[in-house]
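Below, each chain spelled out in residue letters.
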Amino acid sequence: AGAEARFAKNIASPSTPGSGKKFSLKEKKPTVAKRCEDSMAASPGVDEFDGEGVMFNDGQLSCFAQNWDAIPESIKQKYGSEARRLDLSFNVFRHLNDLDAFPALEELVVDNNEVGDDVRFPTMTKLHTVMLNKNRIVNVERLLETLVQKLPALTFLSILGNVACPNELSSSEKDEEDYQRYRYYVLYKLPKLRFLDSRPVNERERAEAQRVGQFMRVVRAEEVAVRERSSSGAGDFNSPSGDYTPLPQGLASTGEHRGTFGVCRYVYYGRHSEGNRFIRNNDL
């Protein structure tokens, strides 16, 4: 219950746990001094404070706004075995290769960093909460593959503000239908999740995700092109010009024409379509 409460508060303000501030992608980066002042006010029993924004208190290690792209060896050696919660918000991390130094970690916050699709996690059996809000994650499938393999205890996940999370925070062209399909797919891949992004997972949503989630995967245009090239045997996939055509290389002789059929790899939902509004019956 404590972790769930902290997770909900962090969604409201990923960079300042428990502050109650509204989450905003336009939020300005706070100064280190202000962050330290706020954190110390909220936690008067801080065990260690080094004056540079790194604080450790009751298993919680806060390293926000350090401009780090890697965790220093001194920090890993000093706190690695004891830290249960790690906050790396407002840094410039692209990778999370240092996490193997934190075997007891249960909660991880890496909001407002540079984490991308190539992020990798070590196997962490105790880590149940991961927050990657406002990073550079585009391909949700790659992320989920890593999480499924490396984080078996994961029950709380948030990736708001990334392209991989299709809602109004990541793109004005996305709507609630896009976001719900994404939720179904994530819950299909991670059925143990209790909280995803900004709201909890109920049993009805979980059941629906198991029913339709496998069909909610977003197929990207480049993936379709690669599959068609590799499966059709037509065109020169490796040609220097890069030109590709689904048509056969040679021309068929007269009388040898053949038809083909296949299964469409995507579903057209028709949103924002003008339809046939400009076509009259006599044009058909």
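Residues numbered from 1 in each chain as written. Predicted model: local features only at pLDDT ≥ 70, side-chain atom pairs only at ≥ 80, totals over all residues. Heavy atoms only, no water.

**Here we look at helix α6 (residues 203-212)**
Stage number 1. For α6, the set of buried residues is Glu 205, Arg 206, Ala 209 and Val 212. On an axial view of α6, the arc spanned by its buried residues comes to 150°, and they lie on one face. The exposed set on the far side of α6, more than 90 degrees from its buried face, consists of Glu 203, Arg 204 and Arg 211.
Stage number 2. For α6, the secondary structure elements touched by its buried residues are α5 (176-189) and β9 (199-200).
Stage number 3. The N-terminus of α6 is capped by Asn 202, whose side-chain oxygen sits 3.2 Å from the backbone nitrogen of Arg 204. (Buried < 20%, exposed > 50% of the residue type's maximum accessible area, 1.4 Å probe, protein only. Helix = DSSP H or I, 4+ residues; strand = E, 2+ residues; numbered from the N terminus. Arc of directions from axis to C-beta. Contact = heavy atoms within 4.5 Å. Polar contact = N/O pair within 3.5 Å; in protein donor to acceptor, adjacent residues only side chain to side chain.)

**Points about the nonpolar core**
Stage number 1. Residues Leu 61, Leu 86, Leu 108, Phe 121 and Leu 157 are the most contacted members of the largest nonpolar core, which totals 50 residues.
Stage number 2. Of all the elements in the fold, those that place two or more residues in this core are β2 (54-57), β3 (60-63), α3 (73-79), α4 (140-150), α5 and α6.
Stage number 3. Per element, the largest residue contribution to this core is six residues, and it comes from α5.
Stage number 4. The contact partners of Leu 108, leaving out residues within four places of it in the chain, are Leu 86, Leu 88, Leu 96, Leu 99, Phe 121, Leu 127, Thr 129, Val 130 and Met 131. (Core = buried A, V, L, I, M, F, W, Y, C linked by side-chain atoms within 4.5 Å.)

**Comments concerning the pattern of salt bridges**
Stage number 1. Inspection of every chain in the model, using the stated rule, returns eleven salt bridges.
Stage number 2. In this structure, the salt-bridge partner of Asp 178 is Arg 181, at a minimum N-O distance of 2.7 Å. Here Arg 181 and Asp 178 lie together in helix α5, a separation of three residues that amounts to about one turn.
Stage number 3. Classification of Arg 181 as buried rests on a relative accessible area of 16%.
Stage number 4. A salt bridge links Arg 211 to Glu 208; the nearest nitrogen and oxygen atoms lie 2.6 Å apart. Residue Arg 211 and its partner Glu 208 are both found in helix α6; the two are separated by three residues, about one turn of the helix.
Stage number 5. Residue classification places Arg 211 among the exposed residues on the basis of a relative accessible area of 53%.
Stage number 6. Put simply, Glu 73, Lys 76 and Asp 98 are held in one network by salt bridges that share partners. (Salt bridge = Lys/Arg side-chain N within 4 Å of Asp/Glu carboxyl O.)

**Overview of the packing of α4 against α5**
Stage number 1. Between α4 and α5, the shortest axis-to-axis distance is 10 Å and the interhelical angle comes to 25°. Judged by the angle between their axes, α4 and α5 are roughly parallel. For the crossing formed where α4 meets α5, the hand is right-handed. On α5, the residues touching Val 140, Glu 141, Leu 144 and Val 148 of α4 are Tyr 182, Tyr 185, Val 186 and Lys 189.
Stage number 2. Here the residues of the contact of α4 with α5 sort into six nonpolar, no polar and two charged. (Axes fitted to C-alpha atoms, helices over the stretch in contact; angles between N-to-C directions. Parallel < 35°, antiparallel > 145°, perpendicular 65-115°, else oblique. Left-handed = near helix turned anticlockwise from the far one by under 90°. Nonpolar A, V, L, I, M, F, W, Y, C, P; charged D, E, K, R; others polar.)

Geometric values such as these leave the question of function open.
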